[in-house]
Amino acid sequence: MFEIKENFSLKNYNTFGIDVKTKYFLEYSSVNELSNFLVTQRKQNLPLMNIGGGSNVLFTKDFEGYILHSKIKGVEIIKEDDDNIYLRVGAGDDWDEFVDYCVKNGWCGVENLSLIPGNVGTCPIQNIGAYGVEVKDVITELETTEIDTLKKTVFTNKECQFAYRDSIFKREFKGKHIINYVTFCLNKKQIFKLDYGNLKNELKEYEQVNLQNIRQAVINIRESKLPDPETIGNAGSFFKNPVVHADLAENLKKSYVDIPCYFQNTDLIKIPAGWLIEKAGWKGKNIGNVGVHNKQALVLINNGGATGMEVLDIAKEIQKSVKDKFGIDIEMEVNVV
Ligand code: EPU
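Treat the numbers as computed from the prediction; the structure is a model and nothing was measured.

Caption draft 1: Quick peek at the pairing of strand β19 (residues 299-302). What you see with β19 is no split at all: Val 299 and Ile 301 on one side and Leu 300 and Asn 302 on the other are buried throughout. Where strand β13 (residues 233-237) and β19 come together, three bridges link them in antiparallel fashion. Following the sheet pairing, Ser 237 is matched in β19 by Val 299. Here strand β18 (residues 290-292) runs beside β19; their pairing, made up of three bridges, is antiparallel. Note on β19: the bridge partner recorded for Gly 291 is Ile 301. Adjacent in sequence and paired antiparallel, β18 and β19 are bridged by six residues.

Structure follows, in structure tokens:
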């Protein structure tokens, strides 16, 4: 039976460490428990939100409804052949513990995604990515409960409509489904993705390129650039890297010869938002309780006691100054509630 907590602080349930309260908080350990709860709460018609590790959310005020947190756990091998292994994993499992488990077993595919905070069930929503890999590359399907109908639904990889930091669960199905299980296909053959510049360089420090060392190299890069949410509240990249038309990038190159450009196709170019924010003078700046990280300008930090509104105000100022300086809109990656 589930227990509902009232006026519950979310400080330990969002990596920004924003101290807001939710009217009700519920943790559930099975799909049945979730369904039972949804049946009873439907009559009340209060807002409802599911959070995983709370690593991609910015709360700007108290939540006048139910915050749900999955504790559905466990890794089950559902299929295996000479090349691949298929794992069905509970939404409530910690993402990095799952990565560690795969690496220890010699299964390839998620090692580049080491040390990303959050849970297995929320990683598909924003299609987490790092060092040349996105989680969409290894997901085969996922199982959800539809909130309104309680229907159990299976989404294939294609049906999730994954894109850069995006999926159908951030768009038309936002707040409509709760993810309960994710199925991954990992490689038993040692096939690595090492093209990302940083990673290649870091790996030169190691005698051997193997799964453990790739994981360690990714951890080292992340620890050198990104603040640990356990000590400094943050939600990773606050903004997405903008994709602009090649003409605009060409124009900017005339004034900024060092602007990093990643071609998406002949017309579209991705520019690192971190670079734009740094050039707009924000890197390392602190305003009140909010800061722009001094090693990666894409990350906003809570220097202690920040409110969500303070973070949001700075984020909007950053957006405006990047727009004024470069004519580029940068979109927030975090879910502002
Ligand atoms: N850069 C700057 N100044 C900065 C930050 C970056 O000039 O303050 C430049 C770097 O010099 C480099 C380029 O921007 O040339 C790219 O930097 P980096 O490799 O750190 O990657 P990113 O594009 O800033 C993205 C992801 C990260 C992910 C890394 C590595 C997004 C929004 N962010 O950052 O994801 O770890 O690539 O793959 O795509 C996250 O989503 O929370 C996250 C941390």
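There's more to say after this.
Caption draft 2: Layout of the pattern of salt bridges. Under the criterion given, the structure shown has 18 salt bridges. Close ionic contact of Glu 278 with Lys 283 constitutes a salt bridge, the shortest N to O distance being 3.1 Å. Residue classification places Lys 283 among the partly exposed positions, given a relative accessible area of 32%. Taken together, the shared-partner salt bridges connect Asp 96, Asp 100, Lys 104 and Arg 215 into one network.

Caption draft 3: How the structure looks around the domain arrangement of the protein. Domains assigned within the protein are domain 1 (4-70), domain 2 (75-224) and domain 3 (227-336). Taking the mean C-alpha position of each, domain 1 and domain 2 sit 24 Å from one another. One can count zero salt bridges joining domain 1 with domain 2. Viewed at the interface, domain 2 and domain 1 are joined by one residue pair in polar contact (both at pLDDT 80 or more). Listing elements by their share of the side of domain 1 that touches domain 2, those giving two or more residues are α1 (31-41), β3 (48-51) and β5 (63-70). Of all the elements, α1 adds the most residues to the side of domain 1 that touches domain 2, at five residues. Across the side of domain 1 that touches domain 2, the residue classes tally to seven nonpolar, eight polar and one charged.

Caption draft 4: Local environment of the sheet that holds β3. Taken in spatial order, the four strands of this open sheet run β1-β2-β5-β3, and their pairing is mixed. Each edge of the open sheet is held by one strand with a lone partner, namely β1 (4-9) and β3. This sheet shows a mean twist of 35 degrees between the axes of neighbouring strands, independent of strand direction. Alignment of strand β2 (residues 21-28) against β5, held across six bridges, turns out to be parallel. Bridge pairing in β5 places Tyr 28 opposite Ser 70.

Caption draft 5: Structural context of the layout of surface pockets. Estimated volume of the second largest pocket: approximately 200 Å³. In terms of lining residues, the second largest pocket is bounded by 13 residues, among which Cys 108, Gly 109, Val 138, Asn 187 and Lys 193 are the most central. In terms of residue count, strand β12 (residues 177-187) provides more of the lining of the second largest pocket than any other element does, three residues in total. Taken together, the residues that form the lining of the second largest pocket break down as six nonpolar, four polar and three charged.

Caption draft 6: Seen up close, the site of the ligand. The local shell around the ligand holds 25 residues, among which Tyr 131, Tyr 164, Tyr 196, Ser 237 and Glu 278 are the closest. Interatomic distance of 2.7 Å between a side-chain N/O atom of Tyr 196 and an oxygen atom of the ligand. At a separation of 3.1 Å, an oxygen atom of the ligand approaches a polar side-chain atom of Lys 283. Considered on its own, the ligand offers 820 Å² of accessible surface; in the complex 83% of this is hidden by protein. Sorting the residues of the shell around the ligand by element identifies β8 (129-130), α4 (211-225), β13 and α6 (273-279) as the ones contributing at least two each. Residues of the shell around the ligand, tallied by class, amount to eleven nonpolar, seven polar and seven charged. Per-domain counts for the shell around the ligand show at least three residues from each of domain 2 (75-224) and domain 3 (227-336).

Definitions and limits used
Residues numbered from 1 in each chain as written. Predicted model: local features only at pLDDT ≥ 70, side-chain atom pairs only at ≥ 80, totals over all residues. Heavy atoms only, no water. Buried < 20%, exposed > 50% of the residue type's maximum accessible area, 1.4 Å probe, protein only. Helix = DSSP H or I, 4+ residues; strand = E, 2+ residues; numbered from the N terminus. Pairing = 2+ DSSP bridges. Salt bridge = Lys/Arg side-chain N within 4 Å of Asp/Glu carboxyl O. Domains from an automatic or database assignment. Polar contact = N/O pair within 3.5 Å; in protein donor to acceptor, adjacent residues only side chain to side chain. Nonpolar A, V, L, I, M, F, W, Y, C, P; charged D, E, K, R; others polar. Axes fitted to C-alpha atoms, helices over the stretch in contact; angles between N-to-C directions. 1 Å grid on protein atoms, 1.4 Å probe; cavity = no way out; pocket = protein on both sides within 12 Å on 5 of 7 lines; lining within 4 Å. Points joined across faces, edges and corners; volume = space filled by probe spheres on them. Near = heavy atom within 4 Å. Areas by Shrake-Rupley, 256 points an atom, 1.4 Å probe, with all protein chains shown as cover.

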